[in-house]
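A look at the structure
Letter by letter, the chains look like this.
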Amino acid sequence: MKVDISSLKQLDKFAQSFSQSVKAGDIIFLEGDLGSGKTTFTQLLLKHLGYEGRVKSPTYAIYESYKLGQFELFHLDLYRLSSPEELYYIAIEEIIDKQNVVVIEWPQKGKGVLPLPTKALSFNMKNSNSRELILDVR
Ligand SMILES: Nc1ncnc2c1ncn2[C@@H]1O[C@H](COP(=O)(O)OP(=O)(O)O)[C@@H](O)[C@H]1O
Ligand SMILES: [Mg+2]
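Sequence order as written defines the numbering, with residues in each chain counted from 1. Key to labels: chains lettered from A, ligands numbered from 1, both in the order written. In keeping with the predicted nature of the model, local features appear solely for residues at pLDDT of at least 70, side-chain atom pairs appear and are counted solely at 80 or more, and the whole-chain, interface and lining totals rest on all residues.

**Considering the site of ligand 1**
The line we're drawing: Any residue whose C-beta atom, as set from the backbone, lies within 6 Å of a molecule or strand is reported as near that molecule or strand. For helices the rule is a DSSP run of H or I covering at least 4 residues; for strands it is a run of E covering at least 2, with both sets numbered from the N terminus onward. Residue polarity follows a fixed list, in which Ala, Val, Leu, Ile, Met, Phe, Trp, Tyr, Cys and Pro are nonpolar, Asp, Glu, Lys and Arg are charged, and the others, Gly among them, are polar.
The environment of ligand 1 is made up of 16 residues, and the closest members are Gly37, Lys38, Thr39, Thr40 and Asn129. Of all the secondary structure elements, the ones that give two or more residues to the shell around ligand 1 are α1 (8-19) and α2 (38-48). If you tally residues by element for the shell around ligand 1, the top one is α2, at three residues. Classifying every residue of the shell around ligand 1 by side-chain character gives four nonpolar, nine polar and three charged.

Encoded structure:
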């Protein structure tokens, strides 16, 4: 499915409807260049899943986690990973769990260690405000 997003407001609406499909066990890949909106989308998704606190980009920590009512959501950013095996340092095998939701920016950096996603979103920057999103639900 392809969606045109021409403003942050539209991204927020998309994140809201996407949030209704998110369930424990989901592994959600977010692909796309730097600045294409992966972190912004995750922040909006967490908001719609009921999280009220601050959401920071996990670039330096590799991951942040958020306890929600229904499940715990792990937000990973693998941009700085130098090899997929580094995922074992953060105990990836405990993060990837049927009870958790895992949202992963730069998933290609974890190739070979990460399982396949249940949902994948690919962000395409069209101009400063507008994005094209390709959603693939497996
Ligand atoms: N339609 C849009 N979708 C996503 N981000 C947008 C959009 N319009 C503007 N932006 C801006 O683009 C930037 C995206 O940054 P970020 O979410 O950190 O990207 P990434 O995590 O993919 O590197 C943010 O400053 C955001 O406000
Ligand atoms: Mg980011």
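Read on, since the account is not over.
**Quick look at the nonpolar core**
Our working rule: Joining buried Ala, Val, Leu, Ile, Met, Phe, Trp, Tyr and Cys residues through C-beta atoms within 7 Å gives a set, and that set is a nonpolar core. Exposure classification rests on a simple neighbour count of other C-beta atoms within 10 Å of a residue's own: a residue reaching 20 or more is buried, one at 12 or fewer is exposed, and one in between is partly exposed. C-beta atoms are placed from the backbone. Contacts are defined on C-beta atoms placed from the backbone: any two residues whose C-beta positions lie within 7 Å are in contact.
Within the largest apolar cluster, 28 residues are counted, with the highest numbers of intra-cluster contacts made by Ile28, Leu30, Val102 and Ile104. If you list the elements that add at least two residues to this core, you get α1, β2 (27-31), α2, β4 (72-77), β5 (100-105) and β6 (119-125). When residues no more than four places from it in sequence are discounted, the contact partners of Leu30 are Lys38, Phe41, Val103, Ile104, Glu105, Leu121 and Phe123.

**Comments concerning the pairing of β2**
Heads up, the rule is: Only when DSSP finds a minimum of two bridges between them are two strands counted as paired.
Of all five residues in β2, four are buried; the element is thus mostly enclosed. Where β2 lies against β5, four bridges are found, and the strand directions are parallel. Residue Ile28 lies in a different strand from β5, and its bridge partner there is Val103. Bridge analysis of β2 against β6 gives four bridges, and the strand direction is parallel. Looking at the pairing, Ile28 lines up with Lys119 of β6.

**Let's talk about the sheet that holds strand β3 (residues 63-67)**
Heads up, the condition is: Note on geometry: axes are lines fitted to C-alpha atoms, helical ones only across the stretch in contact, with angles between N-to-C directions running from 0 to 180 degrees.
Spatial ordering of the open sheet is given by β1-β7-β6-β2-β5-β4-β3, a layout of seven strands whose pairing is mixed. Both outer strands of the open sheet, β1 (2-5) and β3, are each paired with one neighbouring strand and no more. Recorded for the sheet is a direction-independent mean angle of 15° between the axes of neighbouring strands. Pairing of β3 with β4 involves five bridges; the strand directions are antiparallel. By the bridge assignment, Tyr66 is partnered in β4 with Leu73. Along the sheet, α2 makes contact with β2, β3, β4, β5 and β6, crossing β5 at roughly 160°.

Nothing here speaks to function; it is geometry throughout.
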